[in-house]
Amino acid sequence: MADAPKGGPVHYAGSAGSLKKADIFEFYRRLAEANPAPETELAYGNAYQLLVAVTCSAQSTDVGVNKATKALFEDVKTPAQMVALGLEGLKSHIKTIGLYNNKAKNVIALSEILVRDHAGEVPADRDALEALPGVGRKTANVVMNTAFGAETFAVDTHIFRVGNRTGIAPGKTVLAVEKALDKKTPQPFRVGAHHWLILHGRYVCKARTPECWRCPVADLCRFKPKTAPPRIQSAKVQTDTVKAVT
Ligand code: SF4
């Protein structure tokens, strides 16, 4: 998944305030209606493989991680199998992923801990997850939510942007957005919210140019001005150009 934002351009400058309770419910209801069973785009077969995939996904795309882990996950399904594969063996599988040296070291180290302290199982609680090498709050949130169905909100760059731009969960920091989502997201959307918001940010409410003209929550969202379809935008540019030369 995409990393948490680290400064850079503010893509939600047009947002204005928080959404009301009823609008937040309707926002999620529509995203849920369009995609009733949202899933992560990372490929995995069990909780351990999910943990490995998320650990490998920092500053990398899900597509890139999936390509690298496809062959790996055919042979390695448990922490013990990863320890047996070893550091160099793991590196040879994931060398196409950015920062693979560090990621491989973390995956081997966390696998050793899972074998030694957790009977080879992925723990479901935050403290135990965050004690593993390379596992921060965001990774713990993803694993708790996706593998164990916890109501956690992993804020990556997409969710940070969508939360602020739309007004569904404004906040100046990743943790502030996470806390706002936790406070404001109603049932029955709390488990799926993480995926709905990521997918909405990745494919519709994009960073540079949100696609407001095809957005199912455009009438609820606080972002202004809304964007028009590309052909209307280019027609406007042409009209403006004609006006400028006449
Ligand atoms: S209308 Fe939709 S695409 Fe446009 S900013 Fe709002 S949520 Fe994003």
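Draft legend 1. Region of interest: the overall build of the protein. Of regular secondary structure, the protein possesses 11 helices and zero strands. Put simply, the protein runs from its N terminus to its C terminus through helices and strands in the order α-α-α-α-α-α-α-α-α-α-α. A total of 246 residues make up the protein; the buried ones form 40% of that total. Pairs at least 24 residues apart make up 63% of the contacts formed inside the protein by residues separated by at least 6 positions.

Draft legend 2. Focus on the site of the ligand. The environment of the ligand is formed by 13 residues, the closest being Cys205, Cys212, Cys215, Cys221 and Phe223. Classifying every residue of the shell around the ligand gives nine nonpolar, one polar and three charged.

Draft legend 3. Spotlight on the environment of Leu199. Along the chain, Leu199 falls in helix α10 (residues 193-203). On the basis of neighbour count, Leu199 is assigned to the buried category, with 20 C-beta atoms found within 10 Å. What Leu199 contacts, discounting residues up to four positions off in sequence, is Asn35 and Pro38.

Draft legend 4. Quick look at the packing of helix α2 (residues 47-56) against helix α5 (residues 100-117). It is at 10 Å that the axes of α2 and α5 come closest, and there the two elements cross at 155°. For the element pair α2 / α5, the angle class is roughly antiparallel. As α2 runs across α5, the sense of the crossing is right-handed. Residues Val52, Thr55 and Cys56 of α2 pack against Lys103, Asn106 and Val107 of α5.

Draft legend 5. Main features of helix α7 (residues 137-148). In a regular helix each residue adds 1.5 Å, so 12 residues correspond to 16 Å; α7 covers 15 Å between its end C-alpha atoms and thus fits that length. Counting buried positions over the 12 residues of α7 gives nine, a clear majority of the element. Listed in full, the buried residues belonging to α7 are Lys138, Thr139, Ala140, Asn141, Val142, Val143, Met144, Asn145 and Thr146. Buried residues belonging to α7 abut α2, α6 (126-130) and α10. Where α7 terminates, the next one or two residues include Gly149, which has phi positive at roughly 70°.

Draft legend 6. Spatial organisation of the packing of helix α1 (residues 21-34) against α10. Their axes nearest at 10 Å, the elements α1 and α10 cross at an angle of 80°. Here α1 lies roughly perpendicular to α10, going by the angle between them. Across from Tyr28, Leu31 and Ala32 in α1, the residues of α10 making contact are Ala193, Trp196 and His200.

Draft legend 7. α1, seen in detail. Taking 1.5 Å per residue as the helical rise, α1 with its 14 residues ought to reach 20 Å, and the 21 Å between its terminal C-alpha atoms agrees with that figure. Within α1 the residues assigned to the buried category are Ile24, Phe27, Tyr28 and Leu31. Seen end-on, α1 carries its buried residues on one side only, within an arc spanning 85°. Facing away from the buried side of α1, by more than 90 degrees, are the exposed residues Ala22 and Glu33.

Draft legend 8. Inspection of the environment of His118 at higher detail. Structurally, His118 can be placed in the loop between α5 and α6. Along the sequence, His118 and Ala128 sit 10 residues apart, while their C-alpha atoms lie 9.4 Å from each other.

Draft legend 9. Fine view of the confidence of the model for the protein. For the protein, per-residue confidence averages 91 on the pLDDT scale, and 87% of positions sit at 70 or higher. Per-residue pLDDT stays below 50 along residues 7-11; that stretch engages in three contacts with residues further than four places along the chain or on separate chains. Taken as a whole, residues 241-246 scores under 50 in pLDDT and shows zero contacts with residues more than four places along the chain or in a different chain.

Draft legend 10. Quick peek at the environment of Tyr28. Relative to the helices and strands, Tyr28 resides in helix α1. The sequence separation of Tyr28 and Ile168 amounts to 140 residues, and the corresponding C-alpha distance is 9.7 Å. Among all residues touching Tyr28, those that are not within four sequence positions of it are Phe189, Ala193 and Trp196.

Draft legend 11. Fine view of unusual backbone geometry. Across the junction of Gln187 and Pro188, the peptide omega takes the value 5°, indicating a cis bond. Looking at the element boundaries, Pro188 is found in the loop between α9 (174-184) and α10. Lys224 connects to Pro225 through a cis peptide bond whose omega is -5°. Summarising the element assignment, Pro225 is placed in the loop between α10 and α11 (230-245). One non-glycine residue with positive phi stands out, namely Gln59, at about 55°.

Cut-offs and rules
- Residues numbered from 1 in each chain as written.
- Predicted model: local features only at pLDDT ≥ 70, side-chain atom pairs only at ≥ 80, totals over all residues.
- Helix = DSSP H or I, 4+ residues; strand = E, 2+ residues; numbered from the N terminus.
- Buried ≥ 20, exposed ≤ 12 C-beta atoms within 10 Å, placed from the backbone.
- Contact = placed C-beta atoms within 7 Å.
- Near = placed C-beta within 6 Å.
- Nonpolar A, V, L, I, M, F, W, Y, C, P; charged D, E, K, R; others polar.
- Axes fitted to C-alpha atoms, helices over the stretch in contact; angles between N-to-C directions.
- Parallel < 35°, antiparallel > 145°, perpendicular 65-115°, else oblique.
- Left-handed = near helix turned anticlockwise from the far one by under 90°.
- Expected span 1.5 Å × (residues − 1).
- Arc of directions from axis to C-beta.
- pLDDT = per-residue confidence, 0-100.

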